[in-house]
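Here is what each chain is made of, one letter per residue.
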Amino acid sequence: RMWWRFIVLFARLLPLDQFLLRLGPGSMSKLGECPTGEATKIDGNFVIGVCMSVVADVVVAVALAITKLAHNRNWDAVEKRGRKPYTKLPLWWLGITLTAGGELGNLFAYGFAPAAVVAPVGSVGVL
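As the structure is a prediction and not an experimental result, all values here were calculated from the model. (Residues numbered from 1 in each chain as written. Predicted model: local features only at pLDDT ≥ 70, side-chain atom pairs only at ≥ 80, totals over all residues. Heavy atoms only, no water.)

Peer 1: Please clarify how the overall build of the protein chain should be interpreted in this entry.
Peer 2: When helices and strands are tallied, the protein chain shows 5 helices and 2 strands. Ordering the α and β elements of the protein chain from the N terminus gives α-α-α-β-β-α-α. Each of the 127 residues in the protein chain was classed as buried or not, and the buried ones make up 17%. Sequence separation of at least 24 residues holds for 58% of the intrachain contacts in the protein chain that already meet a minimum separation of 6. Accessible surface, the protein chain: about 10100 Å² in total, of which carbon and sulfur atoms supply 70%. (Helix = DSSP H or I, 4+ residues; strand = E, 2+ residues; numbered from the N terminus. Buried < 20%, exposed > 50% of the residue type's maximum accessible area, 1.4 Å probe, protein only. Contact = heavy atoms within 4.5 Å. Areas by Shrake-Rupley, 256 points an atom, 1.4 Å probe, with all protein chains shown as cover.)

Peer 1: Is there a simple way to think about helix H4 (residues 90-112) in this case?
Peer 2: Structural remark: α-helix, 3.6 residues per turn; residues separated by three or four positions point the same way. For H4, spanning 23 residues, the distance from its first C-alpha to its last is 33 Å, which sits close to the expected 33 Å at 1.5 Å a residue. Residues of H4 that are buried: Trp92, Gly95, Thr99, Gly102, Gly105, Asn106 and Ala109. On its buried face, H4 sits against helix H3 (44-74) and helix H5 (115-123). (Expected span 1.5 Å × (residues − 1).)

Peer 1: Sorry, what's going on with the packing of aromatic side chains here?
Peer 2: Applying the stated rule across the entire model yields 1 aromatic pair. Taken together, a centroid distance of 5.1 Å and an interplanar angle of 80 degrees make the contact between Trp92 and Trp93 edge-to-face. Taking the relative accessible area as the measure of exposure, Trp92 reaches 15% and is therefore buried. A relative accessible area of 42% means that Trp93 is categorised as partly exposed. (Phe/Tyr/Trp six-rings, centres within 6.5 Å; stacked < 30°, edge-to-face > 60°.)

Peer 1: Would you explain the packing of H4 against H5 in this entry?
Peer 2: Geometry of a packed helix pair, given as the angle between the helix axes and the separation of the axes. Following both chains from N to C, one finds H4 and H5 inclined at 150 degrees, their axes separated by 8 Å at the closest point. The orientation of H4 relative to H5 falls into the category roughly antiparallel. Facing Asn106, Ala109 and Tyr110 of H4, the residues of H5 in contact are Ala115, Val118 and Ala119. Of the residues assigned to the contact of H4 with H5, the class counts are 5 nonpolar, 1 polar and no charged. (Axes fitted to C-alpha atoms, helices over the stretch in contact; angles between N-to-C directions. Parallel < 35°, antiparallel > 145°, perpendicular 65-115°, else oblique. Nonpolar A, V, L, I, M, F, W, Y, C, P; charged D, E, K, R; others polar.)

Peer 1: What exactly am I supposed to notice about the packing of H3 against H5 here?
Peer 2: At a closest axis distance of 9 Å, the pairing of H3 and H5 adopts a crossing angle of 25 degrees. It follows from the interaxial angle that H3 and H5 lie roughly parallel. Where H3 crosses over H5, the handedness of that crossing is right-handed. In contact with Phe46, Val50, Ser53, Val54 and Asp57 of H3, H5 contributes Val117, Val118, Val121 and Gly122. Of the residues in the contact of H3 with H5, the class split is 6 nonpolar, 2 polar and 1 charged. (Left-handed = near helix turned anticlockwise from the far one by under 90°.)

Peer 1: Explain H3 to me, please; I cannot follow it from the model alone.
Peer 2: With 31 residues, H3 extends 45 Å from end C-alpha to end C-alpha; this agrees with the ideal 45 Å at 1.5 Å per step. Here H3 has its buried residues at Gly49, Ser53, Ala56, Asp57, Val60, Ala63, Ile66, Thr67, Ala70 and Asn74. Along its buried surface, H3 packs onto strand S1 (75-76), strand S2 (81-82), H4 and H5.

Peer 1: Which parts of the structure should I look at to understand the confidence of the model for the protein chain?
Peer 2: In regions of low pLDDT, the predicted coordinates are not meant to be interpreted in detail. The predicted model of the protein chain has a mean per-residue pLDDT of 75, with 64% of residues at 70 or higher. Summarising per-element confidence for the protein chain, the mean pLDDT is lowest in helix H2 (residues 16-22) (50) and highest in H4 (93). Note that residues 23-34 has pLDDT below 50 and, in this model, 10 contacts with residues that lie over four places away or in other chains. (pLDDT = per-residue confidence, 0-100.)

Listed below in structure tokens is the structure:
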């Protein structure tokens, strides 16, 4: 019964007749247009931002693989521990440096494209 109170409260806050007027004929936009009728534009900065994000995410993925390779090569299976500290492994430093560079590239990509585009591109690397 509590949900019914929320529906009644929502109906009082949102005048239904005004809502239906907004959905009248001509309110639905064509593909590639804003509801106001303006055509959406994809400028060069947007493309640069998306490309920077994709390249940066590939660099981060490669960097994580290199770091994992450094960990695996350093692991001593008999003693169940690393042979040397990771900070003394050049391959590990390469992976960490590439990770930082890739994330810096993502930071710059946010300057060219909106976060609503750059963040989902970055989440593809998690898959």
